[in-house]
Amino acid sequence: MSALSFPQADTARRVAEDERAGILAAPGFGDFFTDFMVHARWTPTTGWAGGETIPFGPLSLSPATAVLHYAQEIFEGLKAFRHADGSVWTFRPGKNAERMQRSARRLALPELPTEDFLASLRAVVTADEPWVPTPEGTSEGSLYLRPFMFASEEFLGVRASHTVDYYVIASPAGDYFPRGVRPLVVWVSDTYARAGAGGTGAAKCGGNYASSLLGKDEAAEHGADEVMFLDSETHTAIDELSGMNVFVITKDGRIITPSLTGSILEGVTRDAVLRLAADRGLTPSEGRLVLTDVLRDLADGEIVEMFACGTAAVITPIGELRTPAGAQPVADGGAGEHTLALRRELTDIQYGRAEDRHGWLTRLV
């Protein structure tokens, strides 16, 4: 039972139906926002309180707000999917709630109980239900949900904030790949690291993404779509892409992803892939993927598929690795059979087109 409720305020800001329809016809990703957002505040004396559903709009912050100086903030990302009967569901939100709690602990922020996290999702989707796209065929329109919390105390001392604000905003999203799923060219950076041992790599916080941006620019300079980071200690083992976990599939049916060492984000999609791969007869494992071994096994044909996964792109094939020493294609550079099958099964579950045999879906509206 949720301790927080999020009563809805009226708003004059509602986007007109015809304007909303135009946005939903081509929403892109993260470009447009819905009519409402939810909010709650934490202090040491009140705990989490003051839940509300309010019009989406700018926040008023003091220049001395702690988050602007010390980056004490975390966030999550998940999607709401409309099914054929008009109902709206989300995928494994309890895992997002648990990860947000782990992130909060690492960033010295208060943990939001799972029940309150789920209640906040229901509140924003209930208020913004017309914004959830209706997919046609195998299209992947959804409502992207972005819960986040930050240190909002007006204070310049270096300590954990005594005031924390939590919000959920929503943004309609179209197909992540409007021209179809295409293999990525990935640049392997030997210059930058995403996170280090004992740092915040396992937390979903903005600093980890900020540290990846220069690496993404470096990848673009080498004609690549994405950047892959290596471990910061030895610069020899694969960690993850800027915002996605990595998998390889071998010709003898093994599917391997880097172990959760503390510097890698524990992806919700990553965990689902491990389960679905086992269902398909692949042998899932977590281990240390040394870059030189991966490049050798790609050249020898021992690794036959490689992909990245995350909430936004779901599962994305990798067609080529580029390093300062040269380029190495993955098999024939196309999308592998298992990669596409896993992607299709996962999206079919999310949109209600396939049986949810693992009980991963939660109805919101």
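Read on for a plain summary of the structure. (Residues numbered from 1 in each chain as written. Predicted model: local features only at pLDDT ≥ 70, side-chain atom pairs only at ≥ 80, totals over all residues. Heavy atoms only, no water.)

Examining the overall build of the chain
Scanning the chain for helices and strands turns up nine helices and 17 strands. The globule rule puts the C-alpha radius of gyration for 365 residues at 21 Å, and the 21 Å found for the chain is close to it. Across its three principal directions, the C-alpha atoms of the chain cover 60 × 50 × 35 Å. By the burial criterion, 54% of the 365 residues in the chain qualify as buried. Within the structure as shown, the chain displays about 15500 Å² of accessible surface, and the carbon and sulfur contribution to it stands at 52%. Charged side chains in the chain number 33 positive and 49 negative. The centres of these two groups are separated by 2 Å. (Helix = DSSP H or I, 4+ residues; strand = E, 2+ residues; numbered from the N terminus. Rg over C-alpha atoms; globule rule 2.2 N^0.38 Å. Buried < 20%, exposed > 50% of the residue type's maximum accessible area, 1.4 Å probe, protein only. Areas by Shrake-Rupley, 256 points an atom, 1.4 Å probe, with all protein chains shown as cover. Lys, Arg positive; Asp, Glu negative; His and termini not counted. Charge placed at Lys NZ, Arg CZ, Asp CG, Glu CD.)

Some details on helix α3 (residues 93–106)
Taking 1.5 Å of rise per residue, 14 residues should cover 20 Å, and α3 covers 20 Å from first to last C-alpha, within 8% of that figure. Of all the positions in α3, only Pro93, Asn96, Ala97, Arg99, Met100, Gln101, Ser103 and Ala104 are classed as buried. (Expected span 1.5 Å × (residues − 1).)

Quick notes on the pairing of strand β12 (residues 254–258)
Where burial is concerned, most of β12 is hidden: four out of the five residues are buried. What sits between strand β11 (residues 245–250) and β12 in their antiparallel hairpin is a turn of three residues, with Gly253 showing a positive phi close to 90 degrees. By the bridge criterion, five bridges tie β12 to strand β13 (residues 283–287) in an arrangement that is parallel. Residue Ile255 lies in a different strand from β13, and its bridge partner there is Pro284. You can see the chain leave β12, run along helix α7 (residues 268–279) and come back into β13, and the turn it takes is right-handed. (Pairing = 2+ DSSP bridges. Right-handed = clockwise from strand over helix to strand, strands pointing away.)

Notes on the nonpolar core
Counting 37 residues, the largest nonpolar core has Trp48, Phe117, Val125, Leu145 and Met149 as the members making the most contacts within it. At the level of elements, β1 (36–43), β4 (78–82), α3, α4 (114–127), β6 (142–151) and β7 (164–173) are the ones that each hand at least two residues to this core. A per-element tally of this core places α4 first, with seven residues. The residues touching Met149, leaving out its near neighbours within four places in the chain, are Trp48, Glu73, Ile74, Met100, Leu109, Pro110, Leu112, Val164, Asp165 and Tyr166. Ranked by size, the runner-up nonpolar core spans 22 residues in total, among them Met228, Ile256, Ile303 and Leu321. (Core = buried A, V, L, I, M, F, W, Y, C linked by side-chain atoms within 4.5 Å. Contact = heavy atoms within 4.5 Å.)

Some points on a nonpolar patch on the surface
Among the surface-exposed residues, Leu59, Leu61 and Leu68 lie close enough to one another that they form a single nonpolar patch of about 260 Å² accessible area. Tracing the backbone shows Leu68 in helix α2 (residues 66–70). For Leu68, a relative accessible area of 54% puts it in the exposed group. (Patch = residues over 30% accessible without salt bridge, like charges linked within 9 Å, V, L, I, M, F, W, Y side chains within 5 Å. Salt bridge = Lys/Arg side-chain N within 4 Å of Asp/Glu carboxyl O.)

Focus on the pattern of salt bridges
According to the stated counting rule, one finds 20 salt bridges in the structure shown. A salt bridge links Glu226 to Lys216; the shortest N-O distance between them is 3.1 Å. Note that Glu226 is positioned in strand β9 (residues 226–230) and Lys216 in helix α6 (residues 213–221), a separation of 10 residues in sequence. The buried category is assigned to Glu226, whose relative accessible area is 9%. Given the relative accessible area of 30%, Lys216 is considered partly exposed. Where Glu345 meets Arg357, a salt bridge forms, and the shortest distance between an N and an O atom there is 2.6 Å. With a gap of 12 residues between them, Glu345 in helix α9 (residues 337–350) and Arg357 in the loop between α9 and β17 (361–363) connect regions that are remote in the sequence. What makes Glu345 buried here is its relative accessible area of 17%.

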